[in-house]
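One-letter residues, chain by chain:
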Amino acid sequence: MAFINKQDSNGVKGLLAKGELGYDDYSAGGDTGRIYVGNGTTNIALAKKSEVDSIAGGFSKTASGTLLNGDTVIVNSDGTVSTISQETVNVNLDVGDGDFFNNGSTTYIDSTMLNDTEIVVVFSDNNEGQFGKIVKGTINGNSIAFGAENTFSTSPVEYISVEAIGNNTVFIGYSNNDNGYAGTLIGATFNEDAVIFSNPSVFNDSETLHISISALSDSTGIICFQDTVESGNGTVIVGSLVGNTIVYGEKYIFNAGLTSFIHSVVVKDGKILMSYVKDISSYQGAARLAFVSGSALTFGPEALFNIDQTSIPDLIMINETTFIIGYQDVDNTYSGKYIIGTISSSNISFGISSTFNSGYTAYISLELITENKVIITYLDGGNSNFGTSRLLTYDNGSVTIGAEYVFNSENSSHIHATVIGDFKYAVSFRDGGNSNFGSTVVVQETYDYLNSNLTTENFIGFNTATVSDGEQALIKKVGSIVSNLSGLTPAKKYYVQEDGSLNTTPDKTESYAGLAISSTELLVKG
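Predicted, not measured: the structure shown is a model, and the values here were computed from it.

Definitions and cut-offs
Residues numbered from 1 in each chain as written. Predicted model: local features only at pLDDT ≥ 70, side-chain atom pairs only at ≥ 80, totals over all residues. Heavy atoms only, no water. Helix = DSSP H or I, 4+ residues; strand = E, 2+ residues; numbered from the N terminus. Buried < 20%, exposed > 50% of the residue type's maximum accessible area, 1.4 Å probe, protein only. Contact = heavy atoms within 4.5 Å. Areas by Shrake-Rupley, 256 points an atom, 1.4 Å probe, with all protein chains shown as cover. Phe/Tyr/Trp six-rings, centres within 6.5 Å; stacked < 30°, edge-to-face > 60°. Lys NZ or Arg CZ within 6 Å of the ring centre and 35° of its normal. Pairing = 2+ DSSP bridges. Axes fitted to C-alpha atoms, helices over the stretch in contact; angles between N-to-C directions. Polar contact = N/O pair within 3.5 Å; in protein donor to acceptor, adjacent residues only side chain to side chain. pLDDT = per-residue confidence, 0-100.

**Considering the overall build of the protein**
Then comes step 1: Scanning the protein from terminus to terminus reveals one helix and 51 strands.
Then comes step 2: Each of the 526 residues in the protein was classed as buried or not, and the buried ones make up 52%.
Then comes step 3: Within the protein, contacts between residues separated by at least 24 positions form 45% of all contacts whose residues are at least 6 apart in sequence.
Then comes step 4: When the accessible surface of the protein is summed, it comes to about 21500 Å², and 45% of that surface belongs to carbon and sulfur atoms.

**Describing the packing of aromatic side chains**
Then comes step 1: All told, the structure shown has 16 aromatic pairs when counted by the stated rule.
Then comes step 2: Plain terms: the ring middles of Phe101 and Phe146 are 5.7 Å apart, the flat faces sit at 65° to each other, and that makes the pair edge-to-face. Here Phe146 lies in strand 17 (residues 143–146) and Phe101 lies in strand 13 (residues 99–102), a separation of 45 residues in the sequence. Side by side, Phe101 and Phe146 carry an identical accessibility label, which is buried.
Then comes step 3: Measuring from ring centre to ring centre gives 5.1 Å for Phe254 and Tyr276, while their planes differ by 65°; the resulting arrangement is edge-to-face. Of this pair, Phe254 sits in strand 26 (residues 252–255) while Tyr276 sits in strand 28 (residues 271–278), and the two are 22 residues apart along the sequence. For the pair formed by Phe254 and Tyr276, the shared burial category is buried.
Then comes step 4: The cationic tip of Lys493 hangs over the ring face of Tyr512; the distance from NZ or CZ to the ring centre is 5.8 Å.

**Section: the sheet that holds strand 45 (residues 459–463)**
Then comes step 1: Pairing is antiparallel across the open sheet formed by five strands, whose spatial order is 8-46-45-9-10. Either end of the sheet is taken by a strand with one partner, and the two such strands are strand 8 (58–62) and strand 10 (81–83). Strand after strand, the sheet turns through a mean of 45° between neighbouring axes, direction not considered.

**Thoughts on the side chain of Ser365**
Then comes step 1: Residue position: Ser365 is located in strand 37 (residues 361–370).
Then comes step 2: Residue class for Ser365 comes out buried when judged on its relative accessible area of 1%.
Then comes step 3: Engagement of the side chain of Ser365 in a polar contact is seen with the backbone nitrogen of Ala417, the distance being 3.0 Å.

**Re the confidence of the model for the protein**
Then comes step 1: On average, residues of the protein carry a pLDDT of 89, and 88% of them reach 70 or more.
Then comes step 2: With pLDDT under 50 throughout, residues 1–12 is counted as low confidence; its partners more than four residues away or in other chains account for 39 contacts.
Then comes step 3: In the model, residues 49–55 has pLDDT below 50 throughout and makes twelve contacts with residues more than four positions away in sequence or in other chains.

Here it is in structure tokens:
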């Protein structure tokens, strides 16, 4: 027998058929709603609706929107219930008005957000002795305008890395060519348009390449680099800005042997994740965790993400336990690939790699532009070396990849993306179509995808009768049997799909519905 609401607050709207159940919403003396059964001539009151609901393995909730008999149902944040559904979110790509941050040949570009509306770009100015330069840009909507350049090194520089460490201050790490390529760090503090530099400080007094900096606090950063003289070892050191001076801790080796293309990100306080290419013979892609306590470091075990020849990896955290690495697979036609990594305590494990660009791919940069969504920017060798981006959407261990979008229809190299806000990022690059000038564009992206209201937690059961918006819906809950279904295979587990249907395999959002006990009956979450 179905529970059918044919009543109002004044009692039964009409006569129930013989054997048909119904209820009203009348409240008196703490007795909220009663269940009735029809005998063909009258409606007989049985008990409080709440008592019968409990016996029947169901409960009543106010419907938000129309619910049909047999609909899979979620509970909303306001306590109402709705049918599971999907809606289409539209896609648009808006590349704003860019600006040149350097009107000359530009290399070794890196960038970081200083605050919500200001970006800092560092680079080597090939038109002026490869001097190290820094410039601040102001973002207004989808436009950007840069101020004057400032020089942080009057020596040629390479392998530049910049990271904001708070209080309008950034750390800049670089290889100083006039000092035997020594690894050097300098702080730059912005006071409106003026820049105050700390004293440059050497953190490694021999040839230093592949530098990457991550912020640990408002005055401290961790510097990862290749120590070329010491067998090319992958090395890390903690540096802190004290007044106008940088103070270092001890150097630690995280990979013994040739280590290149190092990138580091903060997992959470005191926990750093590094990706790199290791060994001179195989050039495999690897990752490792570093744990920082003061200036002391310890390391987790190394994990390989690609056993074949690997180049130019970059990485980004999705949450505290999940990350994505993008890289060039040299042994597979220099194609662009990505792979999901998982952190458990000090250990790292990887899934199976996938391809985001089948042609030659270089200058890969990843940024998290909103929850679970990563933008990957790169030079697309299969499309005239144009600057290109794709969206990777992470969901419960899998990734959906969006269409390719071109942000610069010219040869684009030395690419680096920096997130500004949700679905909004700045891309800085060497613009081959404009005399290799340094350029930055602001990109605002929204994407056409089906968005479901189902989550891993909000499915509560099945609706048992058609009700309209605002009416009471009786929901079959955990442990009850739903008998108004069809096409089920007995003894099979069924999962709710993102469109509200049932299937024996989970959808992207995994939500268990129950066990089929016949072709028409399901034990809810049984």
